[in-house]
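# Architecture and fold: a report
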Number of protein chains: 2
Amino acid sequence: MAEEEGALPPKSDFSAWYNDLLWRAEIMDVRYPVKGLYVWYPHGFAIRRHVYGLLREMMDRSHQETLFPLLIPEHEFMKEAEHIKGFEDEVYWVTHGGKDQLDVPLALRPTSETAIYPMYALWVRSHADLPLRLYQIVNTFRYETKHTRPLIRLREITSFKEAHTVHSTWNDAQEQVEAAIAIYQEFYDRLCIPVIVSKRPEWDKFPGADYTIAIDTVMPDGKTLQIGTVHHLGDHFSRTFSIMYEDALGAQQYAHQTCYGISERSIAALISVHGDDRGLVLPPEFSPVQVVVIPIPIGKRKDEVLLAASRLLETLQKAGIRARLDDRDLRPGAKYYYWEMRGAALRIEIGPRDIDAGMVVSVTRTGQRSQIPVDQLVSGVTDVLGGEAARMKVRAGEMLRSRIRPAGTTDELVAAVGEGVAVVSWCGEKNCADSLEEVTGGSVLGTEARLGDIGGIPTACLICGSNGKATLVGRAY
Amino acid sequence: MAEEEGALPPKSDFSAWYNDLLWRAEIMDVRYPVKGLYVWYPHGFAIRRHVYGLLREMMDRSHQETLFPLLIPEHEFMKEAEHIKGFEDEVYWVTHGGKDQLDVPLALRPTSETAIYPMYALWVRSHADLPLRLYQIVNTFRYETKHTRPLIRLREITSFKEAHTVHSTWNDAQEQVEAAIAIYQEFYDRLCIPVIVSKRPEWDKFPGADYTIAIDTVMPDGKTLQIGTVHHLGDHFSRTFSIMYEDALGAQQYAHQTCYGISERSIAALISVHGDDRGLVLPPEFSPVQVVVIPIPIGKRKDEVLLAASRLLETLQKAGIRARLDDRDLRPGAKYYYWEMRGAALRIEIGPRDIDAGMVVSVTRTGQRSQIPVDQLVSGVTDVLGGEAARMKVRAGEMLRSRIRPAGTTDELVAAVGEGVAVVSWCGEKNCADSLEEVTGGSVLGTEARLGDIGGIPTACLICGSNGKATLVGRAY
C-alpha cells in the first residue's frame, strides 16, 4: 500500500531515516488527519502482535490480565493532588454526549491509576488477597503540545501495557519493583535491545510515586529513549483511594503499591536500534516474515522453479515458520530490496542450478550467506535464523556501550552528551543538576545505574566539588 | 475478589440470574463509577481472550489486522449524511485538551468508517490493490440513554471486532458479505451458540448501507440478541470519501465496500445460552479452567492425596490442558460450588480409595460422571471434554428451535413473540410492520431468514392480506 519512490535516507541521518522507514516498511501511516495520531499498517501491526505476544506471555507468568474503562470521571481523576499536577495539562476531556453536555466531564485515561484504584479499594479486603498483580494492554491519551512523532511521542498511545500491583508492606512492593525490572530486562533482552536501568531524580519521578526506576536505551542519534518505567507508589495512592487490608492480627492497614508500564516505544526502539540503510532488521522471533522464498526462474525451466519454490514454502510453513513465496512478476533484485526493507529475516533463492544441486541459497537480513541442502531445509533454516538474534544482540550491545562515557570535566561532559550518555559525579542537589543540564542541553537521567563498573568517575560533584555519586546525563526523547 | 453470599437466582429469573452471575463468576464488576462502563475481572477477561483468540485466528485466514485511531475529527465524521443521522445522538465529543478548547472537536469512534475510509482513499489506487480486507479489535463508544447492561448495552464497547473491505464491483462485495456470514456462523458454531441469520428491514439497516444481514440469537427470556452484523455498503461511502481505483482499462471507478462486526455481546450470549442454575457453563475450548483437580484428603493419608493431586495437575498441564489444583483448606463441596460457578469444564476428584484403585473420578460441568484410570489421564480427560461441546450444541440448538414458531393469526403472533420469535407473513410495507410491532410490543427482525423450512406460514400478509413473505418478529435487546 506504500508506494516505493526514491531511496531510504542513510541511517546516519536518523530522523529522516526513521520517518521514511515507517512508511516504506509499512509500519505506520502518518497521514491520518489529526496531529499525533497514526495508523498501524498491517505489517507494522504484525510486528506489534509478535512483540506484545511475548510481553503478554511474560506477564502471564505472575500477573493476570484485566480491562478497565477508558473514561475516568472528573471527581476520581482529581482525587490525588500530585497526580493531577503531573497530568492536568495533558488530559483530554469528553464534555458532550450527542448534543447533551455531560453532568460530569470524563477524562480519557492518560494512565489508569485513578480508574483502577477505586476498584482495588473494593477488591482488597484481607492480607490473603495480596499480592494482587494485574495488567492491561490499552490505549491511553496525552494532549501533547510538543512535536509529536510516530511510536515515540503520541496523542493516542495505542499499546500501553500497564501493570498495577498491591502488597502488604513497603518492602513487598520494593521486591515487586525488582521483579518488574527483571521482567522488563528479559523482555528487552529478547528484543535484543540493550537497556540502561537507573533511578530517576526526584523531580522526574512519576507523580505520586516514592521513586521511579527507568529503562532507557540509546537511539542511533545518541538521544536516550525511555522505554519502560517502574514506580514504587508506597501508600500514597492507597491513602487517597482507601485501599486497605485486614492484617493477620485483624487490624486495618493501608496497602503498598507499584505500577509499571511499557508502550509502543518498545517498537520504536526495536526498529531504530537494529535497522540499517536498507530498511528494517528484526530478530527473527518478531519478524512477520521469517523466510521469503524467491524463485529465480530462468527461461524454459520457469515452471519447474516455481513448483520447487512452492514446495519449499509448504515445507517451511508446515514446520511453523512464517514463510512467504514472492512469485510476483518482478526482477529478483527488486524483490530483495522489497523484503529487506520490510525486515524479512531470511531470503531463500532457488533457481535451475540450485534444483540440480539439491541446494538453496540462503541470505539472512544481516548478510550471512550460506547454502542449505533441500532435504535439510527446516533444520538448516532454523540454524541460520537461530544465530541472528545473538549477532544482533552483540552488535547492539557494543553500540550502546560506545555511547556511554565517563566525564570528569565540563568539556568531557559536553562531548559525551553530544555523542550519547555521560556518566558524571553529582552531589544530589537540584542546583547542580540544573547546571549539568544547562551546560549540556541535556537532562539528568538518573542515578544508581545498573551498568557494571564504569571507571574513571571522580567522587567529587562535577559542579560543586562536594561528595557525589555516579549519575547519567543525556539528551532524552 | 467477589464475595460469595447467598445463592444464585434460578436461570428462569433471567435478568436477576444474569446480573448476579456476572459478579459471582467474576466476569464483570458493575461498580465502576460511570453508568454503562464496567470492569473485566481477570476470570472474565480470560474467557474473552479465548473467544477473541478464536475470532482473530478465523479472521487471519483472509484478513489482516490493523489499528486506526480512536479520535475522529468532526469534519470527517460529518461527511456522510446518513451515517451522521444514525449516530449523532450517540457520539461522545472530546472538546478540551488540558485547559485548552480544541480547534476541532474529536468524536470517540462509535464505529470506524469515518476514521478508516479517508485512509482507504489514499491506499487504494488500482484494481490490483483489491480486494482489501482489514480488521481491528478496538474499544468504541456510544452515549446510550437507554438502560445499560454489562456486555449487552454499553457506553464503552471494549471489544469491537470490526472488518472493513474494499472491492471492485458490487457483486464482489456481495460475495464478501456471504463470506463474512460464513465466518460468523463458524465462529458461533464453535461457541455452540445457534444463530438466526436474516436481512434487517430497510429502516433498521446500518446508516449508509445498501443492506444489512444480522446474526441474532435468542436469550433465555425469549428476547433476541443481535450478536453480529454484516453490511453491504455499495459505493455509498466510496463516493463520499473518494475511494477510487483504476480498472484494467485505465478508467477510474468507485470501489464497493462491506463492513461487519462482532462485539462482547458474543460473550453475553455465550454466558446466557449455556449457563445454568449453578453458574457458568462454557465449551471447554473457552473455559479458563478446563480441569480442576480437587483432593479429597482423608485423615492420615492427606499428604499422599495432595501429592497425587499435584502429579495429576502436572500431567495435565504438560499436555497443554488448562488445569488447576484447588488445595485450599475448604470442604470439597464448597470447592465444587466455587468451580461450577466459574465454569470449570471438568472436575477431577482424587481420594485415598481412588489412589488405591489407580483411578480418578471425573465430573463434567454438564454432569457427565465417569472414572478415568490414572495412567490414561490425558486421553481420558480429552475424551470426556471432547464430548461436551457437541452436547452443549445439541441442547442449545433445541432450545433455539423451541423458541421459533410460525404464526398465522394475531393471537398466534402475540403468543409466539411472548415466548420467542414469530415467523409471520409480511407484505414488506412499513405500515404493516408498524402494526406487527404495535400488537406484539416487539420488532420486525428481518426477512430471508436462513432457518431451513419453517412450515405453516401463510403467503398472505398477516396484517393486510396482500402477498407477503416469511418474516421474523421478536422482542430485541
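Looking now at the overall build of chain A. A count of helical and extended segments in chain A gives 14 helices and 23 strands. Relative to its length of 477 residues, chain A is compact, with a C-alpha radius of gyration of 25 Å against a globular reference of 23 Å. Across its three principal directions, the C-alpha atoms of chain A cover 85 × 60 × 50 Å. The buried share of chain A, reckoned over its 477 residues, is 57%. Considering only contacts in chain A between residues 6 or more positions apart, those separated by 24 or more positions represent 69%. For chain A, the exposed area adds up to about 18,500 Å²; of that, 48% sits on carbon and sulfur atoms. Taking the 53 positively charged and 64 negatively charged side chains of chain A as two groups, their mean positions are separated by 5 Å.

The subject of this paragraph is the interface of chain B and chain A. Taken together, the contact between chain B and chain A spans 58 residues of the former and 58 residues of the latter. Interface area for chain B against chain A, summed over the two sides, is near 5,000 Å², with a carbon-plus-sulfur share of 63%. Remark: the boundary between chain B and chain A carries eight salt bridges. Of the charged contacts, one joins D60 of chain B and R49 of chain A as a salt bridge, the two residues approaching to 2.7 Å between their closest N and O atoms. For the pair chain B and chain A, the interface holds 26 residue pairs in polar contact (both at pLDDT 80 or more). The class makeup of the residues in the side of chain B that touches chain A is 34 nonpolar, eight polar and 16 charged. Bridge analysis of strand 5 (residues 92-97) of chain A against strand 5 (residues 92-97) of chain B gives five bridges, and the strand direction is antiparallel. Note that in strand 5 of chain B the partner of H96 of chain A across the bridge is W93 of chain B.

So, about the pairing of strand 7 (residues 132-141) of chain A. All names here are of chain A. Burial analysis of strand 7 places nine of its ten residues in the buried class, which makes it a mostly covered element. Sheet topology note: the strand 3 (residues 64-65)/strand 7 ladder contains two bridges and is parallel. For Q64, the partnering residue across the bridge sits in strand 7 and is L134. As paired elements, strand 7 and strand 8 (residues 156-167) share nine bridges and run antiparallel to each other.

This paragraph deals with the side chain of H43 of chain B. Residues and elements named next belong to chain B. Mapped onto the elements, H43 comes out in helix 2 (residues 42-60). For H43, a relative accessible area of 14% gives the class buried. Sequence-distant contacts of H43, that is, excluding residues within four places in its chain, are made with A25, E26, L280, P288 and R342.

The parts lose accessible area when they come together, and the size of an interface is often stated as this lost area. Residues and elements named next belong to chain A. For chain A, the assigned domains are domain 1 (14-274), domain 2 (284-387) and domain 3 (403-474). On the domain 3 side, the residues contacting the 15 residues of domain 1 number 18 residues. Across the domain 1 to domain 3 interface the summed buried area is about 1,400 Å²; carbon plus sulfur atoms make up 59%. Taken as a group, I196, K199 and W203 account for 39% of the area that domain 1 buries against domain 3, more than any other trio of residues on that side. At the surface where domain 1 touches domain 3, the tally comes to five residue pairs in polar contact (both at pLDDT 80 or more). Among the elements of the structure, helix 6 (170-190) and strand 9 (196-199) are those that each provide at least two residues to the side of domain 1 that touches domain 3. Examining the composition of the side of domain 1 that touches domain 3, we find that four residues originate from one element, strand 9, more than from any other. A breakdown of the residues in the side of domain 1 that touches domain 3 according to their chemical character gives eight nonpolar, three polar and four charged.

Residue and element names in this part refer to chain B. Locating A345 in the fold gives a position in the loop between helix 10 (332-341) and strand 17 (346-350). By relative accessible area, A345 is classed as buried at 1%. Along the sequence, A345 and E388 sit 43 residues apart, while their C-alpha atoms lie 8.4 Å from each other. Excluding residues within four positions of it along the chain, A345 makes contact with P284, S287, V289, Q290, V363, T364, R365, L385 and E388.

Each copy of the sequence occupies a distinct position, and chain B is placed on chain A by a rotation of 180 degrees and an axial shift of 0.0 Å, giving an RMSD of 0.0 Å. What the superposition gives is, in effect, a two-fold axis relating one chain to the other. Residue V94 of chain B of chain B places its C-alpha closer to the rotation axis than any other residue of that unit, at 2.1 Å. Of all interface residues in chain B, 100% are interface residues in chain A too; the two copies therefore contact each other through one and the same surface.

Quick look at the sheet that holds strand 15 (residues 291-295) of chain B now. Residues and elements named next belong to chain B. Pairing in this open sheet of five strands is mixed, and the strands run 16-15-17-18-19 from one edge to the other. In this open sheet, the two strands that pair with only one neighbour each are strand 16 (323-325) and strand 19 (369-373). Across the sheet, the axes of successive neighbouring strands diverge by a mean angle of 25 degrees, strand direction being ignored. Relative to strand 18 (residues 359-364), strand 17 is paired through four bridges, and the arrangement is antiparallel. Following the sheet pairing, R347 is matched in strand 18 by V363.

L108 and Y120 of chain A together with L108 and Y120 of chain B are the most contacted members of the largest nonpolar core, which totals 84 residues. Setting aside chain neighbours within four positions, we find L108 of chain B in contact with L71, V94 and L108 of chain A together with L70, L71, V91, Y92, V94 and F141 of chain B.

A word on the sheet that holds strand 19 (residues 369-373) of chain A. Residues and elements named next belong to chain A. Pairing within the open sheet is mixed, and its five strands lie in the order 16-15-17-18-19. The open sheet has two edge strands, strand 16 (323-325) and strand 19, and neither has a second partner. Direction aside, the axes of adjacent strands within the sheet are offset by 25 degrees on average. Examined bridge by bridge, strand 15 (residues 291-295) and strand 16 share three bridges and lie parallel to one another. Pairing of V293 across the sheet is with L325, part of strand 16. Contacting strand 15, strand 16, strand 17 (346-350) and strand 18 (359-364), helix 9 (residues 302-318) crosses the sheet at an angle of about 170 degrees to strand 15. Contacting strand 15, strand 17, strand 18 and strand 19, helix 12 (residues 377-403) runs over the sheet at an angle of about 155 degrees to strand 19.

With that settled, the discussion passes to helix 10 of chain B. Among all positions of helix 10 of chain B, only K335, Y336, Y338, W339, E340 and M341 of chain B are buried. Its buried side turned inward, helix 10 of chain B meets helix 1 (14-24), strand 15, strand 16 and strand 17 of chain B.

Attention now moves to helix 8 (residues 265-274) of chain A. Counted residue by residue, helix 8 of chain A has ten buried out of ten residues, so it is predominantly covered. Residues of helix 8 of chain A that are buried: R265, S266, I267, A268, A269, L270, I271, S272, V273 and H274 of chain A.

What follows deals with the pattern of salt bridges. Where side chains of opposite charge bring their charged atoms close, a pairing between them can arise. A complete count under the given rule lists 65 salt bridges over all chains for this structure. Taking the shortest distance from any N to any O, the salt bridge between R301 of chain A and E304 of chain A comes out at 2.9 Å. The exposure class of E304 of chain A is partly exposed, given its relative accessible area of 36%. In this structure, the salt-bridge partner of D189 of chain B is K393 of chain B, at a minimum N-O distance of 3.3 Å. Of this pair, D189 of chain B sits in helix 6 (residues 170-190) while K393 of chain B is found in helix 12 (residues 377-403), placing the two residues 204 residues apart along the sequence. Here the salt bridges share partners, and the residues they tie into one network are D276, R278, E340, R347, E349, R365 and R369 of chain A.

Once that is clear, we can look at the confidence of the model for chain A. Confidence along chain A averages 96 in pLDDT terms, with 99% of residues attaining 70 or more. Predicted complex, confidence summary: ipTM 0.96, pTM 0.96.

Turning next to the side chain of H83 of chain A. Residue and element names in this part refer to chain A. Relative to the helices and strands, H83 is located in helix 4 (residues 81-87). A distance of 3.4 Å separates the side chain of H83 from the backbone oxygen of P207, its partner in a polar contact. When neighbours within four sequence positions are excluded, H83 is seen to be in contact with T111, E113, T114, F206, P207 and F237.

The subject of this paragraph is the packing of helix 9 (residues 302-318) of chain B against helix 12 of chain B. Residue and element names in this part refer to chain B. Interaxial distance between helix 9 and helix 12 falls to 10 Å at its minimum, and their mutual angle equals 70 degrees. On the basis of the axis angle, helix 9 is roughly perpendicular to helix 12. Between helix 9 and helix 12 lies a crossing of right-handed hand. Between helix 9 and helix 12, the contacting residues are L312, T315 and L316 on the first element and L377, V378 and V381 on the second. In the contact of helix 9 with helix 12, the residues fall into five nonpolar, one polar and no charged.

Conventions adopted
- Residues numbered from 1 in each chain as written.
- Chains lettered and ligands numbered in written order.
- Predicted model: local features only at pLDDT ≥ 70, side-chain atom pairs only at ≥ 80, totals over all residues.
- Heavy atoms only, no water.
- Helix = DSSP H or I, 4+ residues; strand = E, 2+ residues; numbered from the N terminus.
- Rg over C-alpha atoms; globule rule 2.2 N^0.38 Å.
- Buried < 20%, exposed > 50% of the residue type's maximum accessible area, 1.4 Å probe, protein only.
- Contact = heavy atoms within 4.5 Å.
- Areas by Shrake-Rupley, 256 points an atom, 1.4 Å probe, with all protein chains shown as cover.
- Lys, Arg positive; Asp, Glu negative; His and termini not counted.
- Charge placed at Lys NZ, Arg CZ, Asp CG, Glu CD.
- Buried area = accessible area lost by both parts, 1.4 Å probe.
- Salt bridge = Lys/Arg side-chain N within 4 Å of Asp/Glu carboxyl O.
- Polar contact = N/O pair within 3.5 Å; in protein donor to acceptor, adjacent residues only side chain to side chain.
- Nonpolar A, V, L, I, M, F, W, Y, C, P; charged D, E, K, R; others polar.
- Pairing = 2+ DSSP bridges.
- Domains from an automatic or database assignment.
- Least-squares fit on C-alpha atoms with pLDDT ≥ 70 in both.
- Axes fitted to C-alpha atoms, helices over the stretch in contact; angles between N-to-C directions.
- Core = buried A, V, L, I, M, F, W, Y, C linked by side-chain atoms within 4.5 Å.
- pLDDT = per-residue confidence, 0-100.
- Parallel < 35°, antiparallel > 145°, perpendicular 65-115°, else oblique.
- Left-handed = near helix turned anticlockwise from the far one by under 90°.

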